[in-house]
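# Reading the structure
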Amino acid sequence: MNDPNGHWQRNDVRRRAAQRRAGRQRLVALALVFVPLLAVGGYALTRVRSEPAPPPPPPALVPVTFPEGFRFSEMAQSLGSKSRLSAERYLALAADPARVAAVTGNPKAPSLEGYLFPATYEIGTDTTEEFLVDRQVEAFRRTMAGINLKDAKAKNLSEYDVVTIASMIEREVRVPQERRLVAGVIYNRLKRGMRLDI
């Protein structure tokens, strides 16, 4: 005798088994689709993370201009107001006896007045007062290399004397045309042994 309840139970078991198989098949199908995508995405993510960070932007440069005729004290003031560098440190370096004697060759020279070449200098985050002073002296040396001091030596004038006189002239003139006139006055006084009073 057939058992109708048993037949229904067997059919229900078969139906559930078929549903589970269908569910597993869908999972397998989804896995076949998404696993490659996940692998590609994971590789891309790993690649992006492993790349080095971009370098920082270059430090900003601050231009500071020292016009012709500026005394080193005026240069220090301009430097302190336009950059992060210390005016006091700059002044101390420009008047350091050992540095002054080494640059000028004159142990009695009070400062680097006249040896700090006037120009525009770019001040970076790693620029120091020492570096700036050295650059100015180097620029001065390059300029002096192209000047013939034969006439000055004939007048018994040293390089230091010439630089000092040039600094005086730059301070006194208002326009370039006055340089020859002021220079003539200075040399005539020197020739006569007079005080310059400039």
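First, a word on scope: everything that follows refers to the structure included in this document. Computed from a prediction, not measured in an experiment: that's the story for all the values here.

## Focus: the overall build of the protein
A count of helices and strands for the protein gives eight helices and two strands. Along the chain direction, N to C, the helices and strands of the protein fall in the order α-β-α-α-α-β-α-α-α-α. Considering the protein as a whole, with its 198 residues, one finds that 27% of them fall into the buried category. A separation of at least 24 residues holds for 53% of the contacts in the protein among residues at least 6 apart in sequence. In the form shown here, the protein has an accessible surface area of approximately 14,300 Å², with 58% of it arising from carbon and sulfur atoms.

## Regarding helix H5 (residues 129-144)
Think of an α-helix as 3.6 residues a turn; residues three or four steps apart then line up on the same face. Between its terminal C-alpha atoms H5 stretches 23 Å, which fits the 22 Å expected from 16 residues at 1.5 Å a residue. Of the surrounding secondary structure, the elements contacted by the buried residues of H5 are helix H2 (72-82), helix H3 (87-94), helix H4 (97-104), strand E2 (120-123) and helix H7 (159-172).

## Considering the pattern of salt bridges
When the charged atoms of two side chains with opposite charge come close together, those side chains can pair. Enumeration over the complete set of coordinates arrives at four salt bridges. For Glu159, the salt bridge identified is with Arg141, shortest N-O distance 2.9 Å. Of this pair, Glu159 sits in helix H7 while Arg141 sits in helix H5; the two residues are 18 residues apart in sequence, bridging distant segments of the chain. For Arg141, a relative accessible area of 32% puts it in the partly exposed group.

## Quick word on H4
Those residues of H4 lying buried are Val100, Val103 and Thr104. End-on view of H4: buried residues confined to an arc of 85 degrees, all on one side of the axis. Among the exposed residues of H4, those oriented more than 90 degrees off its buried face are Ala98 and Ala102. Of the surrounding secondary structure, the elements contacted by the buried residues of H4 are H3, H5 and H7. The first or second residue beyond H4 is Gly105, which carries a positive phi of 75 degrees.

## A few points about the packing of aromatic side chains
Overall, the coordinates contain three aromatic pairs when judged by the stated rule. Plain terms: the ring middles of Phe66 and Tyr90 are 6.4 Å apart, the flat faces sit at 40 degrees to each other, and that makes the pair tilted. In this pair, Phe66 sits in the loop between strand E1 (62-65) and H2 while Tyr90 sits in helix H3, placing the two residues 24 residues apart along the sequence. An identical accessibility class is assigned to Phe66 and Tyr90; each is buried. Measuring from ring centre to ring centre gives 4.7 Å for Tyr115 and Phe140, while their planes differ by 55 degrees; the resulting arrangement is tilted. Taken together, the positions of Tyr115 in the loop between H4 and E2 and Phe140 in helix H5 put the pair 25 residues apart, joining distant regions of the chain. In this structure, Tyr115 and Phe140 share a single accessibility class: buried. What links up through ring pairs into an aromatic cluster is the set Phe66, Tyr90 and Tyr121.

## Focus on the side chain of Ser111
Tracing the backbone shows Ser111 in the loop between H4 and E2. Reaching out from Ser111, the side chain makes a polar contact with the backbone nitrogen of Glu113 at a distance of 3.2 Å. Setting aside residues up to four positions removed in sequence, Ser111 forms contacts with Phe72, Ala94, Ala95, Val100 and Thr104.

## Some details on the environment of Ala109
By the secondary structure assignment, Ala109 is in the loop between H4 and E2. By relative accessible area, which is 9% here, Ala109 ends up buried. For the pair Ala109 and Pro97, spaced 12 residues apart in sequence, the C-alpha separation works out to 8.0 Å. Residue contacts for Ala109: discarding those within four places in its chain leaves Val100, Thr104 and Tyr160.

Cut-off values and rules
Residues numbered from 1 in each chain as written. Predicted model: local features only at pLDDT ≥ 70, side-chain atom pairs only at ≥ 80, totals over all residues. Heavy atoms only, no water. Helix = DSSP H or I, 4+ residues; strand = E, 2+ residues; numbered from the N terminus. Buried < 20%, exposed > 50% of the residue type's maximum accessible area, 1.4 Å probe, protein only. Contact = heavy atoms within 4.5 Å. Areas by Shrake-Rupley, 256 points an atom, 1.4 Å probe, with all protein chains shown as cover. Expected span 1.5 Å × (residues − 1). Salt bridge = Lys/Arg side-chain N within 4 Å of Asp/Glu carboxyl O. Arc of directions from axis to C-beta. Phe/Tyr/Trp six-rings, centres within 6.5 Å; stacked < 30°, edge-to-face > 60°. Polar contact = N/O pair within 3.5 Å; in protein donor to acceptor, adjacent residues only side chain to side chain.

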